[in-house]
Amino acid sequence: MRHRHLGPLDHLVGALLGVAYVIVLVVTAPDIGMSRDEGFYVRAADSYGGWIEHVGRRWTCDVAEGGLGRCAVTCAEGQSCPGGAACPADGQCRSPVAMECGAPGDCSSARRELVDHYWAYNHEHPSLIKGMFALFQLLQTRTEIFVPPSTAYRFFGMVTAGLLLWLIYVFGAQAYSRQVGAFAALAFALMPRVFYHAHLDCFDVPIALMALLVTYAYWRSLTDLRWVVLVGIAYGLALATKHNAWTFPLIYLVHFAFVVLSERRRRRRGEGRRIGLGPWWLLGMALLGPPIFVGLWPWLWYDTLARFREYGAFHLNHEHYNMAYFGVNYFRPPLPASFPWVMLAITVPTTTVALALAGIGTRLHALLPFHLEERWWPDGRAELDAARTDVLLFGCLLAPLVVISLPSTPIFGGTKHWFTAYPFLAIFAGVGFVGAARALRRRLGGRVPFARYAVRVGLAAVLLTPAALETIHSHPFGLSHYGSLAAGGAPGAADLGMNRQFWGFTTGSLTSWLNAHLPEGGSVYVCDTTPTAFRMLQEDGRLDRRIRAQPSLVGADYALVHHEHHFVEVDYQIWEAYGTTQPQLVLTYDGVPIISVYRNPRGRGLPDD
Amino acid sequence: VEVLSFAVAQRRVVTEDDWAAAAEVVREGFEEGDAITVAPRWADPLLRQHLGDLIDPAMAGRSDLEGYRRLWTLSIRGHRPVDAPPVDAAVDVLVGRVRVLRWPLPAPTVLYDFVEHVADARVEWVEGGEARPCHWDARGRPQGGGLGAGPLTPGQLHRCDPRRPWLWVGATTQDTLDLEPRRCLWQHPPGPEPLRATFTDVPLGDRVVLYGGIYYEHERHEEHGPVSAEVFVDGASLGALTREDGDGWVRFEASTRLPGRTSDRGTVVVEVTAPDPNLRTFCWAGSTRTGAVE
């Protein structure tokens, strides 16, 4: 049976890995302009933050008889009350608007009109992570501890990345060995696309954390019933993070079938009981998951079923994004089934992928169903554990990729949509690493002093160097990055006709240039960048506030084109509007065009000398 | 191996200086009637950054090379342009990591480009069998633009029906099914009755060549009806470019050497119709040319 015992030192190692990663993310975050989706979540966080503030005020609010909501919030002359009202002469803030208190005496934060006012925005995604973004933004408004300010919105996403490394270490160490866990955590941290997404106020890294957390809790619950409650709680948090979580029980059901069949077969052969056959984990998930999901999402507190149906319908009938793949711009399903597998192969460092395959190969024996394992591999030593850990991890690795491969799956495109597979990929890479280290040590024999440690540390450094190089080089163009060996880097991927970017975040790499070329301010058509993302560049002090985003390219001083295959029409529109095909600047990554910047000859932009 | 491949990939990156130096070679040798292109196509923004002053929308959005005398190409990473002649280049110079190539082309055959002469056209739309004139607006401002908005409405155009702002004829650049730029005349069909563009005193040459297509986003779903552009010379039909969704940028060619033709010049009419005009954002490029019909 696995579940190796871990001590405080192990958690210290995991925590150090996580904290170090968060520090790196915080330091490098200002290089990455806000992305399209982040703009929506910034707005959501601001809105939800308004409700959280209301809740906070209610805690300290002394509602007067007759209820206009005289709150025990005091203010000084010249200050303003919560909500922006001027401070009254008596220094006692009153609820500024009718929204704060409805019927006399009813100042409840849970009132429907209040909940709907603050929580209706962006209700296609659950509340937990955006609520956490809001909490850190509220902290920022009081302390201004984050520099630049956009980091406040992003910080919790980075924290989830740190927690993920911690949990990868813990899971890998408990299931296999500490070396596996440590290598896996580093291999995951050094995936260029993961590194990019780990900076953002989005849900893709948080849901990867939740996928691993629920899987870990499920795994523990198979042998320790105390974890049944924890798996239910973890599942509730996962449901409140992103809709991917609804598929998790299906993966565990398949795995549990393996567990049950293996155990029954053992028992029929007269071997002792090793694991219980009751699906208590499912009970925990079913009983605790949905209530936590609803409880954490105020928008679902009213018209719950109707709103849940609306939420579900959004994802079941999701629009199809444009995605370039081998020169074809796909915009409706089916995307080729090879898409996630090929994208994984050419965006995850090749060494990591190779080690993961080696790790899976090492554990192949343990992945087979019990009777097949005996029939096909009678002489091997499978080291099967009762919880069939290898099957679970392999299933969790495969499932997200298989879902994206289905012809009926909407076209999403980004590798982030199967990030939930990567922690498991990393753990198998750790298994592969340990296998390689053992093999090397056997070959070296006693020729190297301290061989056991020297080989492990040296080999880990060698095997992680390519991933580190690729990750460092990918920054801040993580979505444009492709592996050097697998794809020939960004230019090789461009030759292959692969997607070059999405979300319009690369505008953040142009701020200095725009400041220099619009010294008196002006207007920019920002193509795929959202107004909120553009505004955040100004809030961060990177972009002159006199430069404004202009929805029409015709009247703008400058026009940007983010180079994605289906955005070429904007190039052509600009040629006609400005009478030239010549961009003043082409921002490149490894020589591949990322953004073209055109100057309107009738505008205020400065020509280059 | 992966570290080595990383180093190799970095060494192969084409620098700004390489592009600038290669562009200078082209600039020094450039002559009227030359076309410039790049291989691979993804490097096109870099080509235009350095040589865009020599590349007008007509060159960037050309349908073929028959109007040009020579073809320059800046090539990187071993790519060859798709429209290069199937012979060795006459000029082949390596500048840094950019290869500068130049091919001679067959003598130009284009006599009259309809897109260039849009201001000279007489445009009318037919409703209930009655022709209604469109009005040339030479002082407008370009309108439109943005993701998913389709081709820009130019400042100079023939405006037709104020109830249907899309019913106009003018020169623009459209992305068609292959996402390539096509400099063309927007002539959205009003329905089964035609929108008609008449060009007078046109040198007829030996043939007329038309290309036509629909805006990318309106064609790619392949759910709308056909569009037809029928060509008349001095009242006689030469046939029609008829296209269905999925056809992309379609070529049509017909001889102008009609029986009984007495003059080298004549009147060319292009009538665009569609059984259902919904999202039939049709744009066409065309010219009269010398030489036999292919």
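Along each chain, residue indices are assigned from 1 in the same order as the chain's sequence is written. To read the labels, note that chains go from A and ligands from 1, taken in the order they are written. Local features in a predicted model are, by the rule used here, given only for residues with pLDDT of at least 70; side-chain atom pairs are given and counted only at 80 or more, and totals for whole chains, interfaces and linings are based on all residues. Note that water and hydrogens are dropped before the side-chain values are worked out from all heavy atoms of the structure.

> I tried to follow the overall build of chain A on my own but got confused; where do I start?
Note on conventions: DSSP H or I runs of at least 4 residues are helices, E runs of at least 2 residues are strands, and numbering of each starts at the N terminus. From N to C terminus, chain A includes 24 helices and 9 strands. Here the globule rule reads 2.2 Å times residues to the power 0.38, and the radius of gyration is calculated from C-alpha atoms. A compact globule built from 609 residues would reach a C-alpha radius of gyration of about 25 Å, and chain A, at 27 Å, matches this within 12%. Referenced to the eigenvectors of the C-alpha coordinate spread, the extents of chain A come out at roughly 80 × 70 × 50 Å. For chain A, with 609 residues in total, the buried portion stands at 59%. For every residue, the accessible area obtained with a 1.4 Å probe (protein chains only) is divided by the maximum for its type, and the residue is called buried under 20%, exposed over 50%, and partly exposed between those limits.

> Got a minute to help me understand the side chain of Ser177(A) in this structure?
All names here are of chain A. Relative to the assigned elements, Ser177 resides in the loop between helix H5 (150-175) and helix H6 (178-189). For Ser177, a relative accessible area of 14% gives the class buried. The contact criterion used throughout is that any non-hydrogen atoms of two residues lie within 4.5 Å. Apart from the residues lying within four places of it in its own chain, the contact partners of Ser177 are Gly172 and Val434.

> What am I meant to see in the interface of chain B and chain A here?
One frequent convention defines the size of an interface as the accessible area lost when the parts assemble. Opposite the 51 residues of chain B that make contact, chain A presents 52 residues. Buried area, as used here, totals the accessible surface that two parts lose on assembly, with accessibility defined by a 1.4 Å probe and the loss added over both. For the pair chain B and chain A, the summed buried surface comes to about 4100 Å²; carbon and sulfur atoms form 59% of the total. When the buried area of chain B at its contact with chain A is split by residue, Glu2(B), Trp42(B) and Leu147(B) rank highest and sum to 19% of it. The salt bridge criterion pairs a side-chain nitrogen of Lys or Arg with a carboxyl oxygen of Asp or Glu, the two atoms within 4 Å. Joining chain B to chain A, the criterion identifies 3 salt bridges. In this structure, Arg77(B) and Asp495(A) form a salt bridge, with 2.8 Å as the shortest nitrogen-oxygen distance.

> What's the story with the pattern of salt bridges in this structure? I'm lost.
Close approach of charged atoms allows side chains of opposite charge to pair. Residue and element names in this part refer to chain B. Counted under the stated rule, the structure contains 52 salt bridges over all chains. One salt bridge in this structure joins Arg243 and Asp245, with 3.9 Å as the shortest N-O distance. Through salt bridges with shared partners, a single network forms among Asp64, Glu66, Arg207, Arg251, Glu253 and Arg289.

> Looking at this structure, I do not really get the environment of Ser108(A). What am I missing?
Residues and elements named next belong to chain A. With respect to the helices and strands, Ser108 occurs in the loop between strand E2 (92-94) and helix H3 (112-119). Its relative accessible area of 30% is what places Ser108 among the partly exposed residues. Residues Ser108 and Val55 lie 53 residues apart in sequence; the distance between their C-alpha atoms is 8.3 Å.

> For this particular structure, what's the right way to read helix H19 (residues 451-474) of chain A?
Counting along an α-helix, one turn takes 3.6 residues, and residues three or four places apart therefore face a common direction. Residue and element names in this part refer to chain A. The length a helix should cover is 1.5 Å for every residue beyond the first. Look at H19: 34 Å from first C-alpha to last across 24 residues, which is about the 34 Å you get at 1.5 Å a residue. Most pronounced at Leu464, the bend in H19 amounts to some 35°, and the proline Pro466 follows within four residues. Looking only at H19, the buried set comprises Ala451, Val455, Arg456, Leu459, Ala460, Leu463, Leu464, Pro466, Ala467, Glu470, Thr471 and Ser474. Note that bend, as reported per residue, equals the angle between axes fitted to the 7 residues terminating at that residue and the 7 residues originating from it.

> So what exactly am I meant to see when it comes to the state of the cysteines here?
All names here are of chain B. Cysteine sulfurs are considered disulfide-paired once they come within 2.5 Å of each other. Tallied over the full model, the rule gives 2 disulfides over all chains. A disulfide bridge connects Cys134 with Cys160, and the sulfur atoms are separated by 2.0 Å. Taking the sign of the S-S torsion, 105° for the link of Cys134 and Cys160, the bridge is right-handed. Taken together, the residues Cys134 in the loop between strand E7 (130-133) and strand E8 (135-137) and Cys160 in the loop between strand E9 (157-159) and strand E10 (168-175) connect sequence positions 26 residues apart. Just as Cys134 is buried, Cys160 falls in that class too. Note that Cys184 is cross-linked by a disulfide to Cys283, the S-S spacing being 2.0 Å. On the S-S bond that ties Cys184 to Cys283, the torsion sits near 100°, and the link is right-handed.

> Is there a simple way to explain the confidence of the model for chain B in this structure?
Regions with low pLDDT carry predicted coordinates that are not meant to be interpreted in detail. Across chain B, the average pLDDT comes to 95, with 100% of residues at 70 or higher. Reported confidence for the predicted complex is 0.96 by ipTM and 0.92 by pTM. Per-residue confidence from the predictor is given as pLDDT, running between 0 and 100.

> What is the right way to look at the packing of helix H13 (residues 339-347) of chain A against helix H17 (residues 389-405) of chain A in this model?
Residue and element names in this part refer to chain A. Two elements in contact, H13 and H17, have axes whose closest approach is 8 Å; the angle formed by their N-to-C orientations is 125°. Taken together, H13 and H17 sit at an angle that is classed as oblique. Between H13 and H17, the contacting residues are Pro340, Trp341 and Leu344 on the first element and Leu398, Leu401, Val402, Ile404 and Ser405 on the second. Throughout this entry, Asp, Glu, Lys and Arg are counted as charged residues, while Ala, Val, Leu, Ile, Met, Phe, Trp, Tyr, Cys and Pro are counted as nonpolar. The remaining residues, Gly among them, count as polar. Partitioned by chemical class, the residues of the contact of H13 with H17 number 7 nonpolar, 1 polar and no charged. In this description, a line fitted to the C-alpha atoms serves as the axis of each element, helices being fitted only across the stretch in contact, and the angle between N-to-C directions of two axes falls anywhere from 0 to 180 degrees. Comment on the angle field: the value is read as roughly parallel under 35 degrees, roughly antiparallel over 145, roughly perpendicular from 65 to 115, and oblique elsewhere.

> Where do I start with empty space enclosed by the protein in this structure?
Picture a little ball the size of a water molecule; that probe, rolled over the atoms, points out where space is still empty. Residues and elements named next belong to chain A. In this analysis, the protein atoms alone were mapped onto a 1 Å grid. Cavities are point sets where a 1.4 Å probe fits without being able to get out; pockets are open sets with protein on both sides within 12 Å along at least five of seven lines; lining residues have an atom within 4 Å of a point. Grid points are joined across faces, edges and corners, and a volume is the space filled by probe spheres set on the points. Within the structure shown, the criterion is met by 8 cavities of 30 Å³ or more. Of the pockets and cavities examined, the largest cavity occupies roughly 70 Å³. Surrounding the largest cavity, Leu335, Phe339, Ile404, Leu406, Thr409, Pro410, Ile411, Phe412, Gly413, Gly414, His417 and Trp418 form its lining. The residue inventory of the lining of the largest cavity, partitioned by class, reads 8 nonpolar, 4 polar and no charged.

> Explain the nonpolar core here, please?
Side chains of a nonpolar character, in soluble globular proteins, are inclined to be buried together. Ranked by internal contacts, the top residues of the largest apolar core, which has 147 residues, are Tyr252(A) and Tyr422(A). The element that contributes the greatest number of residues to this core is H5(A), accounting for 15 residues. In this structure Tyr252(A) touches Ala211(A), Val214(A), Thr215(A), Tyr218(A), Trp281(A), Met285(A), Leu392(A) and Cys396(A), once residues within four positions along its chain are discounted. Formed by 73 residues, the second largest nonpolar core is a distinct cluster that contains Leu518(A), Ala556(A), Leu65(B) and Val100(B). What we call a nonpolar core is a set of buried Ala, Val, Leu, Ile, Met, Phe, Trp, Tyr and Cys residues that are connected through their side-chain atoms within 4.5 Å.

> Honestly, the sheet that holds strand E14 (residues 227-233) of chain B in this entry has me stumped. Any pointers?
Whether parallel or antiparallel, the strands of a sheet pair through hydrogen bonds between backbone atoms. All names here are of chain B. As summarised here, the arrangement of the 6 strands in space is E7-E6-E12-E17-E14-E15, forming an open sheet in which the pairing is antiparallel. A single partner strand is all that each edge strand has here, and the edge strands are E7 and strand E15 (236-243). The sheet shows a mean angle of 25° between the axes of neighbouring strands, taken without regard to direction. Following DSSP output, two strands are said to pair if at least two bridges run between them. Bridge count between strand E12 (residues 195-203) and strand E17 (residues 265-273): 7 bridges; the pairing is antiparallel.

> Whenever I open this one, the confidence of the model for chain A confuses me. Can you help?
On average, chain A scores 90 in pLDDT, and the residues at 70 or more come to 90%. For residues 62-72 of chain A, every residue scores under 50 in pLDDT, and the model assigns this stretch 32 contacts once sequence neighbours within four places are set aside.

> I'm lost on the sheet that holds strand E2 (residues 70-75) of chain B in this one. Help?
All names here are of chain B. Within the open sheet, the 4 strands sit side by side as E1-E2-E4-E3. Their pairing is mixed. Each having just a single partner strand, strand E1 (34-39) and strand E3 (91-95) make up the two edges of the open sheet. Strand-to-strand, the axes of this sheet are offset by a mean angle of 15°, without reference to chain direction. Summarising the sheet, E1 and E2 pair through 6 bridges and their orientation is parallel. Note that in E2 the partner of Asp34 across the bridge is Arg70. Helix-sheet contacts for helix H2 (residues 16-29) involve E1, E2, E3 and strand E4 (98-104), and the interaxial angle to E2 is about 170°.

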